[in-house]
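Working through the structure, step by step
One-letter residues, chain by chain:
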Amino acid sequence: MSFAADAKIVIDSLIEFHEESVNQSGKVTNPVPMGYLIEELKLTSFITEGGLTNKNLTDFMKKYLSFSTRLYHPAFLGHQCAATHYSAALGALVDAYTNNVTAIYEMGPAAVSLEFFTINWMLEKVGWNPAPVNLNADNNKNNFGGGIFVNGGSLGNLTALLVARNKVAPEIWLQGNPSDLALLVSSECHYSVVKSAGIMGIGKNSIYHLETDLKGAIIPEKLSATLTKVLNNEKNPLALVANACSTPVGIYDPLDEIADFCKENKIWFHVDGAHGASALLSDKYKERMKGIEKADSLVWDAHKLLQTPSLCAALLVKEHDYLDKAMDHNASYLFHEREQQGIDFIQRTIECTKSGLGIKLFFVLASIGEKGLQEFIDRQYDLAIQSYNFIKEQEDFECPVYPQSNILCFRINGTDETQLKIRNKLVNEGSFYLTSTEFRGKRFLRMVFMSPNTKIQDLHKLIDKIREIYTEII
Ligand SMILES: Cc1ncc(COP(=O)(O)O)c(C=O)c1O
């Protein structure tokens, strides 16, 4: 048993997994009952006897990967998970093996520096001031941004709302939650936003859904009416949350106009860019994010469109001080005076032990450069438009909206149930992996172009396949 030998087995297995996915000799999904898999992978025997090394490891990896979903496969059109760039996966390995946690600078100076640097890179992409490296000189000023990598966009949204609450009700940690807080959210917001409000003790009755147009984008002209309702109910707006882009159909809210409204009415403007903020890297598509620099906070997931493994999401705040003071911490073994040569992230996070997440993004960025990521984003967004143009030509299919990202919804003529039956068949036989969603009261099939290997010809094949299944089930 040695690290080098076992690592070679694992890496060789992953290379084979990748090749089989790209050349389609392996199926995109291979769902089997869990009980069968527990037996097949010999889980009980391994945990009682050990021995996951050498030949056992080779056999285990082969089996494990044969039942894994293949995100590199051209037929992967499923959830918003990155087909990881191998360099980012190596970054994850370095983090796992060094295990230098990033909450406190002295526990992982290199990991924290990467995280700090990468957060600054993201802040600059948004148009916010990066933090100075020499924090001691400047850290009392609030004229630069701050950020933190968190375990996912959902946790990012929760943290963002805690930051907003710190501005609206700084007395919270002493007095408890005021009962008049309200949240204004897009009717198409991700469920994590409403869930975060619930966690913070803001009930559903205090959530005001903003009116959206037929695409599902917030209508700026209707914002005042909702705010009037909030104020008439003697509520205090905690924040307004917009999408960049929405989860079901990938539509961007008009950030520029919404930002002006929030500024005028002194409301914290949080943008949930978990999926679509990566458009900031694209000359072609960054217009979708117009006005983002006027927001107060942004969630931007690297583990969606930046080819970075889960989890790696950034919460960015225009004025770092609100983030630094959002939570009231007290632990004498952590929070005390010490000679500092770098930043502690711990005051910005719900977590205590915190793995190095920034290294994963840094590795892909440093491997293919911003240009490589930009080309990837352009390619995936272009593919959604090409697919829309193709589907629009098919008389028996429809798309509810023109795509603004790499998400595209569509359906074949027929009932909601038909769409679900088709999806089940595709996923269970492992020919294509796609999801489905409701939009404007109808069920649609939903594709997210995440694999760098999907081509327009694969979409042609999918449409033929759906027709075939449709004929079978009708
Ligand atoms: C707009 C939006 N916000 C938040 C999330 C949640 O992000 P995560 O899955 O990283 O928690 C998603 C995920 O699909 C999303 O699309």
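The structure this text deals with has already been given above.
Residues numbered from 1 in each chain as written. Predicted model: local features only at pLDDT ≥ 70, side-chain atom pairs only at ≥ 80, totals over all residues. Heavy atoms only, no water.

For the ligand, the set of nearby residues contains 14 residues, the closest of which are G153, S154, T247, D272 and D301. One of the backbone nitrogen or oxygen atoms of G153 is found 2.7 Å away from an oxygen atom of the ligand. Between the ligand and D272, the relevant distance is 2.6 Å, taken from a nitrogen atom to a side-chain nitrogen or oxygen of the residue. Compared with its free state, where it exposes 390 Å², the ligand has 86% of that area covered by protein. When contributions to the shell around the ligand are tallied by element, the ones reaching two or more residues are α8 (153-168) and α13 (302-305). Residues of the shell around the ligand, tallied by class, amount to two nonpolar, nine polar and three charged. (Near = heavy atom within 4 Å. Polar contact = N/O pair within 3.5 Å; in protein donor to acceptor, adjacent residues only side chain to side chain. Areas by Shrake-Rupley, 256 points an atom, 1.4 Å probe, with all protein chains shown as cover. Helix = DSSP H or I, 4+ residues; strand = E, 2+ residues; numbered from the N terminus. Nonpolar A, V, L, I, M, F, W, Y, C, P; charged D, E, K, R; others polar.)

One open sheet holds the five strands; their spatial order is β1-β11-β12-β10-β9, and the pairing between them is mixed. Lying at the two open borders of the sheet, with one neighbouring strand each, are β1 (76-77) and β9 (397-398). (Pairing = 2+ DSSP bridges.)

As enumerated under the stated definition, the model contains one cavity of 30 Å³ or more in all. Here the largest cavity defines a volume of roughly 30 Å³. Along the walls of the largest cavity sit F116, I119, N120, L123, A131, G146, G147, I343, F345 and R348, which together make up its complete lining. Mapped by element, the contributors of at least two residues to the lining of the largest cavity are α6 (109-126) and β2 (146-150). (1 Å grid on protein atoms, 1.4 Å probe; cavity = no way out; pocket = protein on both sides within 12 Å on 5 of 7 lines; lining within 4 Å. Points joined across faces, edges and corners; volume = space filled by probe spheres on them.)

Inspection of every chain in the model, using the stated rule, returns 10 aromatic pairs. Plain terms: the ring middles of F46 and F60 are 5.8 Å apart, the flat faces sit at 90° to each other, and that makes the pair edge-to-face. With F46 in helix α3 (residues 43-49) and F60 in helix α4 (residues 54-66), this residue pair connects regions lying 14 residues apart in the sequence. For F46, a relative accessible area of 18% gives the class buried. (Phe/Tyr/Trp six-rings, centres within 6.5 Å; stacked < 30°, edge-to-face > 60°. Buried < 20%, exposed > 50% of the residue type's maximum accessible area, 1.4 Å probe, protein only.)

L240, F269, M289, L298 and L316 are the most contacted members of the largest nonpolar core, which has 54 residues in total. The contacts of L316, once residues within four sequence positions are left out, are I119, M122, L123, V126, W128, G146, G147, D296, S297, L298 and W300. In this structure, F76, A83, L445 and V448 belong to the second largest nonpolar core, which totals 39 residues. (Core = buried A, V, L, I, M, F, W, Y, C linked by side-chain atoms within 4.5 Å. Contact = heavy atoms within 4.5 Å.)

A word on the pairing of strand β8 (residues 313-317). The buried fraction of β8 is high, at five of five residues. Examined bridge by bridge, β2 and β8 share five bridges and lie antiparallel to one another. Of the residues in β8, the one forming a bridge with G147 is L316. By the bridge criterion, five bridges tie strand β7 (residues 297-301) to β8 in an arrangement that is antiparallel.

By themselves these figures say nothing about function.
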